[in-house]
Amino acid sequence: MTKTSTVTGLDTFVKSYKSHKSKTTDAAVVMNEKPSRLYEIKECVGKGSFGDVFRATHRQTGEVVAIKIINLEETQDDIDVLAQEIYFLSELRAPFVTTYFKTFVEDVSMWIVMEFCGGGSCADLLKHLPEHRLSENKVAYIIREVLFGLDYLHSQKKIHRDIKAANILLTDDGEVKLGDFGVSGQIMATLKRTTFVGTPYWMAPEIIAKKDNGYNEKADIWSLGITAIELLTGQPPYAKHDPMKVLVNIPLRKPPKLQGRFTGSARDFIALCLIKDPDLRPSAAELLGHKFLNKASWRGSGTLKREVDLVKALKKRTNYFKEPRHSVEDNVYPADGSMHLQNWNFETTKTSTTRKSELVCHRPSIEKRKPVAKLQIVEELSPKTETSHISAMGSPNVDTPTTNATSPSMGHYNHEKDLDISMGLHEGEAIKKDIRPVDCKELNYFKHIILYSFNRVLERARSGDTKLDVTRLRDIFEEAEGSQPGLSEAFVEEVYIRMEEIKGYIVETSFQ
Amino acid sequence: MAFWWKKTPKTASDYARLLSEQLNKFDNASASDSRRKVQDECSKYLSGIKHFLLGDVEPEPSCESVDELYDAIYQLDILHDLLAKMPELEFEPRKDVALIFATCLRRSRDNKFVTVDYLVTKPQTLSLMLRTPELALTKPNASDLFLKSGSIILECLKYEQLCRMMLRDPQLWVFFDLARGGSFEVSTESLQILTSFFTVHHKLVSTEFFSHQANLQKLIDKINKLMAHGNYVTKRQSVKLLHSLIMIRSYNQFLTTYINSPENLKLIMILLSDRSKNLQMGSFNIFKVFVANPRKSKPVSDIMVKNRDKLLHYLASFNADSKDTTFLDEKEYVVQEIESLPRLVSPNSDLTLGTSPQNRSTIE
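Residues numbered from 1 in each chain as written. Chains lettered and ligands numbered in written order. Predicted model: local features only at pLDDT ≥ 70, side-chain atom pairs only at ≥ 80, totals over all residues. Heavy atoms only, no water.

- Looking at an unreviewed UniProt entry, one finds chain B named KLTH0D15290p and attributed to Lachancea thermotolerans.

- Chain A goes by non-specific serine/threonine protein kinase in an unreviewed UniProt entry, where it is assigned to Lachancea thermotolerans.
- According to its UniProt record, chain A has this under Sequence similarities (unreviewed entry): "Belongs to the protein kinase superfamily. STE Ser/Thr protein kinase family. STE20 subfamily." (UniProt positions renumbered as here; feature names shortened; annotations may be inferred.)

So this is what it looks like as structure tokens:
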């Protein structure tokens, strides 16, 4: 009986898996496809420690899937660890576990596409059903299906490590699937696990006790026993106590027992699961032969479709919904903006002498010839002369500083000495720090540089006369900019170029 | 599954022989019926061999019979054939193949890894192994197949002798392309393979791989490409790989070559200003090495000088709310170093005042 149901289960599973595959082949071929274009995110159906889970539909096929979205900027987990989890999921293909389909990366998030279990979890059933518990034959059905899943998992040397009602999922048809492998582990060949994971109430004593020899797949059997109590009574043992106290007590105390009016076979099954010595605790395969599970074939049990439908109706009536922790729309990289917060100056044409220095250092012969040849070309291309320079300011060429930079004229760089200001190097540095870099797009050369500088000079001017002169100069400049728009830009550029050229000289002479 | 052994009283080596026969039947089994039959047979023998090697059959196999099975596996070139026929196998048996490989590789006798020594004499098997993931991408179920064949490579790279042979195979460069263009699984596992290639056996890599300047430059180019053009995950993983390489003491040649190129610095600065905090931090850990270099190349210091103020401004608010004291110390140091750079000075600039700047500007 057991055997045949497993086999047919596998068959239908293989079929449904294949049909899914064929439906999503298009998506598989197009690499780096954005998942948000492929799927439409619906409501949040779960909040895991690793990210929110949403119901989603494929925009073209209408296929319903569950998508777990993990923000990789926020999560503490290493990407390697998450990748290992994905590999783990991709190794599971059985009708009793939720199937993994594919992972995408969009913005800074991982989208893990999984089989959707429309019936919610067994914890949802307990929460929403009026009696907050399930009958023995329903529980037997659930436990039997979970045991199939565990048997499959354990045969692959894998442990689930977080078996509880909340991680036992139900399809729309009321079929049982093992879900949330967030903390699952692989037992590497002969090594035993030593990591401390799980949820306190359901945790096996050997995990808590951290014995030298670690723990193995039997830890899942203990948790299954606790889950059986949870399903039958509505909550795990000691649920009213503080989880940390429970944690300490589990290894010390005798195993919990099923309290209340239940059959002997249910009691016996749970007692077997809760044998403290993992070596004496039966395996999933052994438990599958237990008489408690025969109840699963009792009349009227079948699947949990009736319960699932009831809970769906109840949720609808109470307008129940889950608030995701992260908004799906919160992107780190804006769709139409820059990927970067700062633009660096890597240009070698405008302000740098890198190219030249290379030429000077390594290819002197070329350097001698090149400028002459180039100069001729530039002069041919650019009809502008030194005198036409300023008058060209109003022309569209204003925006191309490289062109202007080929014909600058600045002979009176040290006129600034006429101003009554101290020009110490350190003060200069202090000024520099005060300057707030302005976004290049909005840079107004007159306002942000000329006017700014004049105002700074004004602040430093000691005598009233100086102040007056500076103000006058500033006003004249403003007037000139008004009648010759772009003048400030040209002026600033020329000052900048010249300053860069003579900087070495200034530093050298100032130390003499 | 253990009952195969009880039911069919064959010797251990018989299973290897039967598997070998079945694997070779795939070539002639074009009809889906016969292919299906061969698949089933292979699954059966693979599962049997796996349980036998893992020792979880009743009664536990004797040491002699286990040795006999290993010998048969080597003699019949089963590992080669398994790689070649992996795409033909079904989902569960493919997992068995990976597990059998891992188990074989761990087998040691008289302080020697027997399977490793065997594979060293089989360069064609290793060559096939490196090509299997790429070939997998053309098959149905590409992702699973890729992961499984990739995991076999990862197992092999744990052993220096095998890593040495694989480093000589130009196929290793293909994993950079796969890391950039593949699905999540393909891209992350490719990067894991590359990380194993270059960060596990330090001495081997520094003396035998980096000793060739061409290798060094190619590796840098390839990593840069991933950091510049990969998706978010690829960028983060490749920045991490680069950081590991830079931090490995014996990789001095690599470090020096990397931090002296202005192109590399530009890329790292671009990543430093990425909107992702994780990428910022990842690239800061590389950027600081550029800054700390006491003998910066001229083009590298030129870039820093030219961006001195932008850098200071950017670093002022960079991860300012961090409580990581190591980071804060490093940041302070980096800021100090940049502050000490000359402002707007380019050391090679023309010192002859009055010279028309035209010569300079027209070089471009």
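So much for the structure itself; the text now carries on.
### Topic: the packing of helix α9 (residues 142-156) of chain B against helix α12 (residues 184-199) of chain B
Residues and elements named next belong to chain B.
Piece 1. Orientation of α9 relative to α12, taken along the N-to-C sense of each, is 10 degrees, at an axis distance of 10 Å. Here α9 is positioned roughly parallel relative to α12, judged by the angle of their axes. Side by side, α9 and α12 meet where Ser143, Phe146, Leu147, Gly150, Ser151, Ile153 and Leu154 of the first sit next to Glu185, Val186, Glu189, Ser190, Gln192, Ile193 and Ser196 of the second.
Piece 2. Looking at the contact of α9 with α12 residue by residue, the class counts come to 6 nonpolar, 6 polar and 2 charged. (Axes fitted to C-alpha atoms, helices over the stretch in contact; angles between N-to-C directions. Helix = DSSP H or I, 4+ residues; strand = E, 2+ residues; numbered from the N terminus. Parallel < 35°, antiparallel > 145°, perpendicular 65-115°, else oblique. Contact = heavy atoms within 4.5 Å. Nonpolar A, V, L, I, M, F, W, Y, C, P; charged D, E, K, R; others polar.)

### Quick word on the pairing of strand β4 (residues 100-106) of chain A
Residues and elements named next belong to chain A.
Piece 1. Most of β4 is tucked away, with 7 of its 7 residues classed as buried.
Piece 2. Bridge analysis of β4 against strand β5 (residues 109-115) gives 6 bridges, and the strand direction is antiparallel. By the bridge assignment, Tyr100 is partnered in β5 with Met114.
Piece 3. Between β4 and β5, which pair antiparallel and follow one another directly, the connecting turn spans 2 residues, one of which, Asp107, has a positive phi of 50 degrees. (Buried < 20%, exposed > 50% of the residue type's maximum accessible area, 1.4 Å probe, protein only. Pairing = 2+ DSSP bridges.)

### Examining the packing of helix α5 (residues 78-85) of chain B against helix α8 (residues 123-136) of chain B
All names here are of chain B.
Piece 1. Interaxial distance between α5 and α8 falls to 10 Å at its minimum, and their mutual angle equals 25 degrees. By the angle class used here, α5 and α8 are roughly parallel. Handedness of the α5/α8 crossing: left-handed. In this structure, α5 contributes Leu79, His80, Leu83 and Ala84 to the contact, and α8 contributes Gln124, Thr125, Leu128, Met129 and Thr132.
Piece 2. Among the residues making up the contact of α5 with α8, the classes are represented as 5 nonpolar, 4 polar and no charged. (Left-handed = near helix turned anticlockwise from the far one by under 90°.)

### Looking at the side chain of B:Lys222
Residues and elements named next belong to chain B.
Piece 1. With respect to the secondary-structure elements, Lys222 resides in helix α14 (residues 213-229).
Piece 2. Looking at Lys222, the relative accessible area reads 18%, which means it is buried.
Piece 3. What Lys222 contacts, discounting residues up to four positions off in sequence, is Trp173, Phe176 and Asp177.

### Considering the nonpolar core
Piece 1. The biggest cluster of nonpolar side chains holds 138 residues, and the ones touching the most others in it are B:Ile73, B:Phe197, B:Phe198, B:Phe254, B:Tyr258 and B:Phe287.
Piece 2. Counting 63 residues, the second largest nonpolar core, distinct from the first, contains A:Tyr152, A:Leu258, A:Cys273 and B:Phe91. (Core = buried A, V, L, I, M, F, W, Y, C linked by side-chain atoms within 4.5 Å.)

### Examining the environment of A:Lys291
Residues and elements named next belong to chain A.
Piece 1. Secondary-structure assignment places Lys291 in the loop between α10 (284-287) and α11 (305-318).
Piece 2. Considering only alpha carbons, one finds Lys291 and Ala140, 151 residues apart in sequence, at a separation of 9.7 Å.
Piece 3. The residues contacting Lys291, other than those within four sequence positions of it, are Ser265 and Asp268.

### Regarding helix α16 (residues 252-259) of chain B
All names here are of chain B.
Piece 1. Burial in α16 covers these residues: Phe254, Tyr258 and Ile259. Buried residues of α16, viewed axially, fall in a sector of 105 degrees; they line one side.
Piece 2. At its buried positions, α16 is contacted by α14, α15 (232-247), α17 (262-272), α18 (277-292) and α19 (298-306). (Arc of directions from axis to C-beta.)

### Some remarks on unusual backbone geometry
Piece 1. One non-glycine residue, A:Arg161, lies in positive phi territory at about 75 degrees.
Piece 2. By the secondary structure assignment, A:Arg161 is in the loop between β6 (158-159) and β7 (168-170).
Piece 3. Assessed through its relative accessible area of 9%, A:Arg161 is described here as buried.
Piece 4. In this structure, B:Asp77 takes a positive phi of about 55 degrees despite not being glycine.

### Structural notes on helix α3 (residues 79-90) of chain A
Piece 1. Here α3(A) is 12 residues long and its end C-alpha atoms lie 16 Å apart, about the 16 Å a rise of 1.5 Å per residue gives.
Piece 2. Burial within α3(A) is extensive, with 9 of its 12 residues counted as buried. (Expected span 1.5 Å × (residues − 1).)

### Digging into the packing of aromatic side chains
Residues and elements named next belong to chain B.
Piece 1. Inspection of every chain in the model, using the stated rule, returns 25 aromatic pairs over all chains.
Piece 2. With a centroid separation of 6.0 Å and 35 degrees between ring planes, the pair formed by Trp173 and Phe209 is classed as tilted. Of the two residues, Trp173 sits in the loop between α10 (160-167) and α11 (174-181) while Phe209 sits in helix α13 (residues 202-209), which places them 36 residues apart along the sequence.
Piece 3. Looking at Phe209, the relative accessible area reads 3%, which means it is buried.
Piece 4. The interplanar angle of 25 degrees and the centroid separation of 5.5 Å between the aromatic rings of Phe210 and Phe254 together place this pair among those described as stacked. (Phe/Tyr/Trp six-rings, centres within 6.5 Å; stacked < 30°, edge-to-face > 60°.)

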